[in-house]
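Structural overview for review
Each chain is listed here by its residues.
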Amino acid sequence: MQSKRFTVGVVTMCVSVAVVFMVSWMTAPDLKEYEALIEPRIIERADERMLTVTASGDIARIGGFAKEVAAKYYRVVARDFQMPGYNPLRARFEQGKTDRVCYGLPVSPLMREFFITNEAPYSVAVSTWTNGMTAEILHKGPYKSMGKTIDRLTNFIHTEGYAPLSIREEVYVSAPAGLLQRTPTTLIRIPVKRRNTQ
């Protein structure tokens, strides 16, 4: 009986994530809107209310399922608070912590912050992502080649007189490769602060 419930739960969750990705693909913006971000820039970004799933452990092993958990709760818990338009999945990584990632989907600021559940190795919550001054650049291509783009953005940050903070955000603009056969397009963001020139 328990095995049957587990199977039904897994199937339901897989359907949920498929629906979210299909809707995202159908409403996806023309990627030409992002072409200008091939060149790095620094902008001021407002804070955002997010539905988040934080995963700890072997990210290569549990990261994919964490995305499904995010899709499930976004469809169910945040159903009445989803932001209009195309809102791709995001992930935040903290420098030096390779065993922890926080996935997020934007929700209306009218949705109150609260802790939803802690299904180890995942925790789900509605919280606020702090933004502020942010450097960003578009990466087109496989994730394994993203390091060069991150290095380019980091060099730009220093050239402009800023210092990078310890968080990196990835916005998965296009559908994941293999799902809809699109080349991955990822917006890379790094919060920054002015360097002390004194």
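Residues numbered from 1 in each chain as written. Predicted model: local features only at pLDDT ≥ 70, side-chain atom pairs only at ≥ 80, totals over all residues. Heavy atoms only, no water.

1. Quick word on helix 3 (residues 146-159)
Here helix 3 contains 14 residues, and its C-alpha end-to-end distance of 20 Å stays within 8% of the 20 Å for a straight helix at 1.5 Å per residue. M146, T149, I150, L153, F156 and I157 are the residues of helix 3 that are buried. One side of helix 3 holds all its buried residues, which, seen down the axis, span an arc of 120°. Seen from the buried face of helix 3, the exposed residues on the opposite side, beyond 90 degrees, are K148 and T159. Tucked inside the fold, the buried residues of helix 3 contact strand 1 (41-45), strand 7 (132-140), strand 8 (162-164), strand 9 (167-172) and strand 10 (185-194). One or two residues past the end of helix 3 sits G161, with phi positive at roughly 85°. (Helix = DSSP H or I, 4+ residues; strand = E, 2+ residues; numbered from the N terminus. Expected span 1.5 Å × (residues − 1). Buried < 20%, exposed > 50% of the residue type's maximum accessible area, 1.4 Å probe, protein only. Arc of directions from axis to C-beta. Contact = heavy atoms within 4.5 Å.)

2. Remarks on the environment of G132
Inspection of the secondary structure puts G132 in strand 7. Remark: the alpha-carbon pair of G132 and P191, spanning 59 residues in sequence, is separated by 7.0 Å. Here G132 is in contact with I43, E44, R45 and D47, once residues within four sequence places are set aside.

3. Section: the pairing of strand 6 (residues 122-129)
Pairing analysis gives eight bridges linking strand 2 (residues 48-56) to strand 6, with the strands arranged antiparallel. The residue of strand 6 that forms the bridge with T52 is A125. Here three bridges tie strand 5 (residues 114-117) to strand 6, and the two strands are oriented antiparallel to one another. Paired with F115 across the two strands is A125, which belongs to strand 6. Following strand 5, the chain reverses through four residues before pairing antiparallel with strand 6. (Pairing = 2+ DSSP bridges.)

4. What about the confidence of the model for the protein?
Residue-level pLDDT values for the protein average 82, and 80% of them are 70 or greater. Residue range residues 2-27 is modelled with pLDDT below 50. Its contacts to residues more than four positions away, or to other chains, number 20 contacts. For residues 177-181, every residue scores under 50 in pLDDT, and the model assigns this stretch six contacts once sequence neighbours within four places are set aside. (pLDDT = per-residue confidence, 0-100.)

5. Remarks on the side chain of R45
Along the polypeptide, R45 turns up in strand 1. Of the polar contacts made by the side chain of R45, one reaches the side chain of N131; its length is 3.0 Å. With residues near it in sequence (within four places) discarded, R45 still touches R90, N131, G132, T134, E136, E169 and R189. (Polar contact = N/O pair within 3.5 Å; in protein donor to acceptor, adjacent residues only side chain to side chain.)

6. A closer look at helix 2 (residues 59-76)
The terminal C-alpha atoms of helix 2, which comprises 18 residues, lie 24 Å apart, in line with the 26 Å expected from a rise of 1.5 Å per residue. All of the buried residues in helix 2 are I59, I62, G63, A66, E68, V69, A70, A71, Y73 and Y74.

7. Notes on the environment of L153
In this fold, L153 is placed in helix 3. Judged by its relative accessible area of 0%, L153 falls in the buried class. Spatially, the C-alpha atom of L153 lies 7.3 Å from that of A135, the residues being 18 residues apart in sequence. In contact with L153, other than residues within four places in its own chain, are P40, A135, E136, I137, I188 and I190.

8. A word on the packing of aromatic side chains
Scanning the model with the defined rule gives two aromatic pairs in all. Relative to Y172, the ring of Y143 lies with its centre 6.0 Å away and its plane at 80°, an arrangement referred to as edge-to-face. Remark: Y172 occurs in strand 9 and Y143 occurs in the loop between strand 7 and helix 3; sequence separation between them is 29 residues. Above the face of the Y172 ring, K67 is positioned so that its terminal group lies 5.4 Å from the ring centre. R112 extends its terminal NZ or CZ atom over the ring of F114, reaching a point 4.6 Å from the ring centre. (Phe/Tyr/Trp six-rings, centres within 6.5 Å; stacked < 30°, edge-to-face > 60°. Lys NZ or Arg CZ within 6 Å of the ring centre and 35° of its normal.)

9. Section: the pattern of salt bridges
This structure, assessed with the given rule, holds twelve salt bridges. Taking the shortest distance from any N to any O, the salt bridge between R79 and D80 comes out at 3.8 Å. Judged by relative accessible area, which is 58%, R79 ranks as exposed. The residue R168 makes a salt bridge to E170 at a minimum N-O spacing of 2.9 Å. When its relative accessible area of 23% is taken as the criterion, R168 is described as partly exposed. Its relative accessible area of 6% is what places E170 among the buried residues. Several salt bridges converge on common partners, so that one network encompasses R41, R45, E48, R90, R92, E136, E169 and R189. (Salt bridge = Lys/Arg side-chain N within 4 Å of Asp/Glu carboxyl O.)

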